[in-house]
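So you can see what is in the structure, the chains are spelled out below.
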Amino acid sequence: MILKYISVIILPAVFMLIIIYGWTKKVDIFSAFLIGAKDGLKTLFGILPALVGLIAAITMFRTSGALQFITGLLSPITKLMGIPAEIMPLALLRPVSGSGSLALVNDILTTAGPDSMVGRIASVIMGSTETTFYTLAVYYGSVNIRHSRHTVPAALLADVTGIIAGTFICLLFYH
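Thresholds applied
- Here the residue index of a chain counts from 1 through its sequence in written order.
- Where local features are concerned, this predicted model is filtered to residues with pLDDT of at least 70; where side-chain atom pairs are given and counted, the filter is 80 or more; whole-chain, interface and lining totals use all residues.
- For the side-chain quantities, the full set of heavy atoms in the structure was used; hydrogens and water were omitted.
- Each helix corresponds to a stretch of at least 4 residues labelled H or I by DSSP, and each strand to a stretch of at least 2 residues labelled E; elements are numbered beginning at the N terminus.
- Residue exposure (1.4 Å probe, protein chains only): buried if accessible area is under 20% of the type maximum, exposed if over 50%, otherwise partly exposed.
- Fitted lines through C-alpha atoms serve as axes, helices being fitted only where they are in contact, and the angles separating the N-to-C directions of these axes extend from 0 to 180 degrees.
- An angle below 35 degrees is treated as roughly parallel, one above 145 as roughly antiparallel, one from 65 to 115 as roughly perpendicular, and anything else as oblique.
- For any helix crossing, the convention is left-handed if the near helix is rotated counterclockwise from the far helix by under a right angle, and right-handed if that rotation is clockwise.
- Contacts are assigned to residue pairs with any non-hydrogen atoms lying within 4.5 Å of each other.

Asker: Could you give an account of unusual backbone geometry, with specific residues and numbers?
Answerer: Residue Lys26 is not a glycine yet carries a positive backbone phi of 60°. Mapped onto the fold, Lys26 is located in the loop between α1 (2-24) and α2 (29-63). On the accessibility criterion, Lys26 (75% relative accessible area) is exposed.

Below is the structure:
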């Protein structure tokens, strides 16, 4: 009961604290707000082209059948590693799309169940990997970095590590 009350009051309280703090420090709060909004719009327009391109690429990747093709190519290797076939579309799509991978996890949990091995592995992968390309598009796009150098390989290596380790840990503890 008390948590419900706190959750209703917390956001207005934070706004009031910011206004009171600015007022005590003699800051023109409205001007500061306008400057922040202007900077936010500049950032939005700076990253928008990268996000539109990323969304278009994800849509083409999924609808063209490339995801299923690559999954089929990798299936002999992943079978040897103990990674279930149902996980591979998630493993391939997760670095690219958060919403697409969430939809795949929803499908996995609906068909296999949340307490199944595949459901547990999918859940661990979602928690231990990142939407690498989306994150790079947003962060690097906002500060106009054009050459990512070693960021993409390092981030993808971290994603692969999360997928393999997540699968291994689930198989170790839940099998």
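So much for the structure itself; the text now carries on.
Asker: Help me get a handle on the packing of helix α6 (residues 117-128) against helix α8 (residues 151-174), residues and values and all.
Answerer: One can describe the packing of α6 onto α8 by two numbers: an axis separation of 9 Å at closest approach and a directional angle of 140°. In terms of orientation, α6 and α8 fall into the oblique class. At the point where α6 passes α8, the crossing takes the right-handed sense. In this structure, α6 contributes Met117, Arg120, Ile121, Val124, Ile125 and Ser128 to the contact, and α8 contributes Gly162, Ile163, Gly166, Thr167, Cys170, Leu171 and Tyr174.

Asker: Which residues make up the packing of α2 against helix α7 (residues 132-142), and what are the values?
Answerer: In contact at an axis separation of 8 Å, α2 and α7 are set at 150° when each is read in the N-to-C sense. In this view, α2 runs roughly antiparallel relative to α7, as classed from their interaxial angle. As α2 runs across α7, the sense of the crossing is right-handed. Contacts from Thr43, Gly46, Ile47, Ala50, Leu51 and Leu54 in α2 reach Phe133, Tyr134, Ala137, Val138, Gly141 and Ser142 in α7.

Asker: Any details on α7? Residues and values, ideally.
Answerer: Note that an α-helix has 3.6 residues per turn; residues three or four places apart therefore point the same way. Taken residue by residue, α7 has Thr132, Thr135, Leu136, Ala137, Val138 and Gly141 as its buried positions. Those residues of α7 that are buried lie in contact with α2 and α8.

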